[in-house]
Structure formats: structure tokens, C-alpha cells
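Chain by chain, the residues:
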Amino acid sequence: MSTQRFQALQKVDSRKPLAIDVPTKKVSEYFASQVFTWKVMREHLPADVYDTLRTCVDKGGQIDRGTAEQVAAAMKSWSLQLGATHYTHWFQPLTGSTAEKHDAFFEPLADGFSIEAFGGDKLVQQEPDASSFPNGGIRNTFEARGYTAWDPSSPAFVMGRTLCIPTVFVAYTGESLDHKAPLLRSVHFLDKAATTVVQEYFDRNVSRVICTLGCEQEYFLVDRALYNARPDLALTGRTLFGHSSAKDQQLDDHYFGSINDRVTSYMRDFETEALKLGIPVKTRHNEVGPGQFECAPVFEEVSLAVDHNQLLMDIMEKVALRHDFRVLFHEKPFAGINGSGKHNNWALATDTGKNLLSPGKTPKKNIQFLTFFITTIRAVYEHADLLRASIASASNDHRLGANEAPPAIMSVFIGSFLSQVLNDIEQMVKQGEKLSPDEKTELKLSVIKIPEILLDNTDRNRTSPFAFTGNKFEFRAVGSSANCSSAMMVLNTIVADQLVKFHAEVQKLVAADMKKDDAIFQVLRKYISESKKICFEGNGYGEEWVKEAKKRGLSNVKTTPEALDFILSDKARTLFEKNEILNERELDARYEIDLERYTMKIQIESRVMGDLATNHVVPTAVEYQNVLIKNVTGLKQVLPDSEFKLLASEQLNMIREISERMTVIRKTVEEMTEARKSANQQSSARKKAGDYCNKVFPYFSKIRYEVDKLELLISDEYWPLPKYRELLFNR
């Protein structure tokens, strides 16, 4: 009998929901209570220091030493009141998670005295040992020096008893070694490009454009005991084996269903912790897959939203342990079940409170909307392959194109009515010609109907990787375990670059004596015509779209190594280097790091699969086969030969089939191991990743097929691994 599995199931049966104590009945009374917000800063800082810091954050600029000292003193005083004993520079290295090194405020003095100390130098910059973080060849392992530098745009917070200060992470030579620095550069670039367009053509009162983001976080919950009985879940984040449950998601009865009491308790607990830290979580619900859920926050400024998402994932993992759960952020933890994404809802807002992707009530406002709407589509068309690269990972490869996930083909969904609006513009505006008064009136009448159209007719296309949903674009292809920074950095950069081109093209026409509105429509018409191929309103899951996309010349890159190659294209290099987002060394480093990460993920899965197959599954098969042999031997002793052949035939067939499947498993594992050894001999990261993708990974499905067949053959009481029905439904 499989002792661990059945003990785990007994533990699950005895679980009860935890009672959750919230600070007060009203969330508004404790929201951001552990965050060094602008409100708190106003209370703790002199007015001139507060104003200086606010100006630096809003408009950019250096923070002088005196300001830093006073901010540090206020930050220390505030955090000590909350019970903090340590501080850390909290950063996001290229590992895919966050990093922190805690130092105590405590400083010993002479004669047994001590104080709590924290100065401006400790706030502004730290020097953690950088030797073990991914660097992609930017520096040698023995060159450990790297710097974390304070990001004042993201507020400090107290988590547990530690003051956490969001920072960027750079090498001694100045290159970025994290996700945040390039994101902040792209934010600045987009702000500058978008503000120029708004001020020049639509609203001179706007002085800043803010990129906003709302991350819908999908995840699975599995009981801790069942998780611990599945080495594949513990080591890879997904089930490498497992026959489908007779019932899973066919009935769609889990989606938006009543939330289990134990799960609700967990949700309330992590939401409370998140709200204290200023993370505006607002929505919770059951997702499509059994055991799958989603939480979603209110929109925030993009870099803060990314910080909050990374922090939220950390909170969810820690709180899950209190409830004897393990949270799974892997994009595809269960074969045949919906995968998990992190839908990135992206928009642009002005400092006057207007959403640039939301239509207005006047022709001028709607021309502004169309400008940013069409320019974004044009940018996605121009750099679709780079967007695909930005969401590439070993785990997301399992999800894209399967079970309600968007396909690997990048396309834009805008809905039939907006499609008609763009068609009308293309037909009404004649290339190189000014609009007549009647044409201009007709066009403006068409444009002014947009808010009414969107109110009634904006649809959602779950099959689209990049969909317009009324007042924002939803980048649905981002994986649930991903740091959103990469995808948002690319999106910000390509849209900003296109806005710069838009402004230049309009100005050229204006300089040639064309009226501003005419020039804008001329450029927009050109963009509509050029980017038609990227727009698709149909079913992205269908094979017909694959064929159609190929006709349109759109890429369908299904594996990470192939997708990452787009990062090093001449187009990508020019884009990033020209706009000072990533220099050549940083770009090359990220390419190497992403390839190495892919290789290591597949390598780990291969090793775990080999171990489980040979040390768990095969011995179990032998054990059960011996039971059958003993049974057959007994039948042979008590039955006449004529009856024995008839009555023992089923057991004999099972014995034979078990032997055959064990033989295939052992042989295939050995072949996979040899393929792995061969791949490890490759000299370049790209060739190694390619071999792991094309020569090692294909063995996974072959081994899994045989193991899953054995799961059906072997008696339930012997099977060592918790089954899908238990993992998905036992809570």
C-alpha cells in the first residue's frame, strides 16, 4: 500500500478552515497601514523635503544627500513604531523572484551602549554580494560587487519586522542586473513620447502620461500533504505524470462557483496581508479548472503594479502554508486542465485624470483616443515577435495554445464595431489628400459615435493574446509565474517608439502645409492599412487561424529557444539601444540568462521524471505484478487446465502488459538520459537550449504515456502518487 499517499488523504479529510482575524471591519481603516505612503511622508517630513522628494519622483531628477538623510530618519522612525528591527533593499534579480538581505538597525557603541541607526547612505545604496545572481556574462563569478539603488517611486513597506526598500540592481560596471531598471527606463520613454503627442495635438494642460497596469493573477491550490507526496510538484511546479480524472472541468461547474470555505479563509487571510501592504486586491473567484482561482487588483502605475504583483505572490505562498495549502503559479500544473495566466491590463492615463484609451464625448477627444489606440496596434504589428519573446518560458510553452489559453501567434482583437470604424477611416481618408469639409464632417460624426459603440458592443475574445476591452488592452499571453516587467518593458518601449514616429510623420505633413487634423488622419490611415494583418476577430484556438496566420506572414513560434532569438534581431537591438532601454551587453546578457533558465528547467524536469519513473513507478509496478503472479499461481494450483486458461487470461494479460510498459519506460528513460548528456556537451547556450527542446523534451510525453497507462492498470491501493482526482478536488 502507498502509505504516504493515503496518509496525505487522511490529513486532507481532517482539515478545517482557519479563523481569520482582520484588523478592523473596514478595509479603508487598515489599507496601506504598513506602507511609507505619501500621506505618511507628509506627516514625518519637513514640507520642503517632502516637496523636493515629490518633484524628483514625478518629474525625475537626483535626490541630494541632505534630502536622503531626512527621508532615512523619517523612514526609520516610522518603521520602528511598527516593530521593525531590520531593513533590506528589496529587489528583483533575473531569477524570476525577489531578493533581500536583512541588516539590523542595531549598532553597538562603546561601554555597552547601543542605538538604532539608519542613514541616507544606507537608504540610497547598498552593496549585496552579486556573485550568485544570473548575469549573462556581464561579470565574472569572482567579481561579486553589485549595487542596489533606492527607487523612490515605489514606497517602502514593513513586512513582518523588516523595513523593505524597493530598489534597482546593477553591476559594478553600471549594467542592469534586474527586471526593474529597464522597466523604469521604458516608463520614462513612454511618458516623454506620449506627453509630446498629447501636448502637441490635444491638450496642453497635460504635463505627464502615466502607464497603468492591472495584473489578474491565476493560480491553483493543492493541499500541503498531497503536494509533499508529489515530488514532481515540489521540484518542478507541475505534475509530470497523472492520468486525467473521470471528471475535471467538462461541466464548467467550478468557474465562478461557490468558493470552498477553507479556500475562502485562505483568500481572506492573504488579502488582509496584501491590503496592509497597499496592494489593492479587489476581486476573487473560482476559475475554470478545478482547484484554480484568480485574484485581481485595481489598476496602478505600472512599476508599482509589478512590485505589488511580485510581493503578492510572495504573500500568497507564505500564507498558504498557514492554511496547509501550497499555491501553484506554474502555467500548466495539470495536463488537460486550463493553464494559468497573468492577464496584463495595460492603459495610459494623463496627470489630469484622463484615460487615453477611453473615448470621450467630443470629436477631438475621440481623435485622441484613436491616435493612441491605432498607434498601439501598429506597434504590436511591427514588433509582434518581440512581444512573443517577452512572454517566453519553459512553463508558458505548455500553456500557449492549449485549454483556453491564447495561441503562440500574436494577434490583436478589437471587436467588430471598432474594426468597422477603422475601415471607415481607411475608406474616407484618401492617401495624400486633404479632407473636404463634407468628408471632415462625416468623419467627425462617425468618430463621435465611438463611446456609444464601445458602451454597447465592446466584446472580449478569450482566444486573443492581445485584446482591446473597452478602455485598455489586455495582454493575455503573459504566464502566471512570470515577472510582468519584461512584457511591460517591451510593450512600453514599442508603443513609445511608435508614438515618436507618429509625431515625426504628422509634423512632416504639417510642415508641408497640411492642417493638423488632416495630417493626423493621414498617418492613422497609413497605420490602419499597414497593420491590418495583426487584427483577428475569430477563434484563435482553431486550426483555421493557424493556416490564416501563416498566409498573413505572422509568426507561430511555439518554443522558447526560437522565440528568444527575436531578442537579438537587428530590429530589436536598434529599438532598445536607440531608445536607451537596454544596451548591447544587457541585451546579450538577458538572452543568455533566459536560455540558461529554459535549459535548467527542462533539465530538472528530465531528472525528476527519470527518478520518479525508475524509483517510484517501476518498483510499484513490480510489486503489483508480483501480486498478480501470486494470484495466477494460486489459480493454477486449484483449477483444471481448461478452466485456468479461461479464468486466468485477464491476469496473464495484465502481467504481460505491465512488463511491456516497464520495459518501454526503462528504455526511454535511458535514451532521455543519454540525450541529456549529449545536450550538456554543447558549447553555446543556444545550442544547448535547442537540444533540450528538440532532443530531450520529446521523451517526456513518451514516458508519461506509459506511466499513465500503468496508473490505470495497477490497483489504486498500490499507486504511490496522489491522483488527479485527489489533487484537484480534495480541499
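Predicted model, so just to flag it, every value in this text is computed and none were measured. (Residues numbered from 1 in each chain as written. Predicted model: local features only at pLDDT ≥ 70, side-chain atom pairs only at ≥ 80, totals over all residues. Heavy atoms only, no water.)

(A) Broad picture of the overall build of the protein chain. Along its length, the protein chain carries 27 helices and 17 strands. Compactness check: the protein chain gives a C-alpha radius of gyration of 29 Å against a globular reference of 27 Å for 731 residues, within 12% of the reference. Projected onto its principal axes, the C-alpha positions of the protein chain cover 105 × 85 × 55 Å. Relative to its 731 residues, the protein chain shows a buried fraction of 55%. Of the contacts made within the protein chain by residues no fewer than 6 positions apart, 76% connect residues no fewer than 24 positions apart. Accessible surface, the protein chain as shown: approximately 31700 Å² in total, 50% of it carbon and sulfur. (Helix = DSSP H or I, 4+ residues; strand = E, 2+ residues; numbered from the N terminus. Rg over C-alpha atoms; globule rule 2.2 N^0.38 Å. Buried < 20%, exposed > 50% of the residue type's maximum accessible area, 1.4 Å probe, protein only. Contact = heavy atoms within 4.5 Å. Areas by Shrake-Rupley, 256 points an atom, 1.4 Å probe, with all protein chains shown as cover.)

(B) Quick look at the pattern of salt bridges. If you walk through the whole model with that rule in mind, you get 46 salt bridges. The salt bridge partner of Asp 223 is Arg 262, with a shortest N-O separation of 2.7 Å. Separated by 39 residues along the polypeptide, Asp 223 in strand β9 (residues 209-223) and Arg 262 in helix α9 (residues 261-276) bring together distant segments of the chain. Take Asp 223: its relative accessible area is 0%, and that puts it in the buried class. Under the relative-accessibility criterion, Arg 262 is labelled buried at 4%. Note that Lys 667 is salt-bridged to Glu 671, the shortest N-O span being 2.5 Å. Separated by four residues within a single helix, Lys 667 and Glu 671 lie in helix α24 (residues 649-680), roughly one turn from each other. You can call Glu 671 partly exposed: its relative accessible area is 31%. Through salt bridges with shared partners, one network takes in Arg 378, Glu 382, Glu 505, Lys 526, Glu 530 and Lys 571. (Salt bridge = Lys/Arg side-chain N within 4 Å of Asp/Glu carboxyl O.)

(C) Local environment of α9. The end-to-end C-alpha separation of α9 is 23 Å, in line with the 22 Å expected for 16 residues at 1.5 Å each. Of all the 16 residues making up α9, 12 are buried; the element is thus mostly covered by neighbouring parts of the structure. Within the sequence span of α9, burial applies to Arg 262, Val 263, Ser 265, Tyr 266, Met 267, Asp 269, Phe 270, Glu 271, Thr 272, Ala 274, Leu 275 and Lys 276. Where the residues of α9 are buried, they touch β9, β10 (281-286), β11 (292-297), α10 (302-322) and β13 (325-328). Downstream of α9 by one or two residues, Gly 278 has phi in the positive range, about 80 degrees. (Expected span 1.5 Å × (residues − 1).)

(D) Representation of a nonpolar patch on the surface in the model. Taken together, the side chains of Leu 109, Phe 113 and Ile 115 present a nonpolar region at the surface, about 300 Å² in accessible area. Checked against the element boundaries, Phe 113 lands in the loop between β3 (106-108) and β4 (114-116). (Patch = residues over 30% accessible without salt bridge, like charges linked within 9 Å, V, L, I, M, F, W, Y side chains within 5 Å.)

(E) Focus on the environment of Asp 13. Among the secondary structure elements, Asp 13 is positioned in helix α1 (residues 3-14). As for Asp 13 and Leu 712, which are separated by 699 residues in sequence, their C-alpha atoms are 24 Å apart.

(F) Focus on helix α14 (residues 416-428). Spanning 13 residues, α14 covers 18 Å between terminal C-alpha atoms, matching the ideal 18 Å at 1.5 Å per step. Every buried residue of α14 is accounted for by Leu 418, Ser 419, Val 421, Leu 422, Ile 425, Glu 426 and Met 428.

(G) Looking closely at the side chain of Thr 560. When you line up the elements, Thr 560 lands in helix α20 (residues 560-564). With relative accessibility at 2%, the residue Thr 560 sits in the buried group. Polar side-chain contacts of Thr 560 include one of 2.9 Å to the backbone oxygen of Ser 393. Ignoring anything within four residues of it in the chain, the contact list for Thr 560 reads Ala 392, Ser 393, Ala 394, Asp 397 and Tyr 598. (Polar contact = N/O pair within 3.5 Å; in protein donor to acceptor, adjacent residues only side chain to side chain.)

(H) Seen up close, the packing of aromatic side chains. According to the stated counting rule, one finds 29 aromatic pairs in the structure shown. An aromatic cluster of three or more residues is present, and its members are Phe 369, Phe 373, Phe 466, Phe 468, Phe 473 and Phe 475. Over the ring of Trp 38 we find Arg 54; its NZ or CZ atom is 4.4 Å from the centre of that ring. Cation over ring: Arg 378 sits above Tyr 527, and NZ or CZ is 5.9 Å from the ring centre. (Phe/Tyr/Trp six-rings, centres within 6.5 Å; stacked < 30°, edge-to-face > 60°. Lys NZ or Arg CZ within 6 Å of the ring centre and 35° of its normal.)

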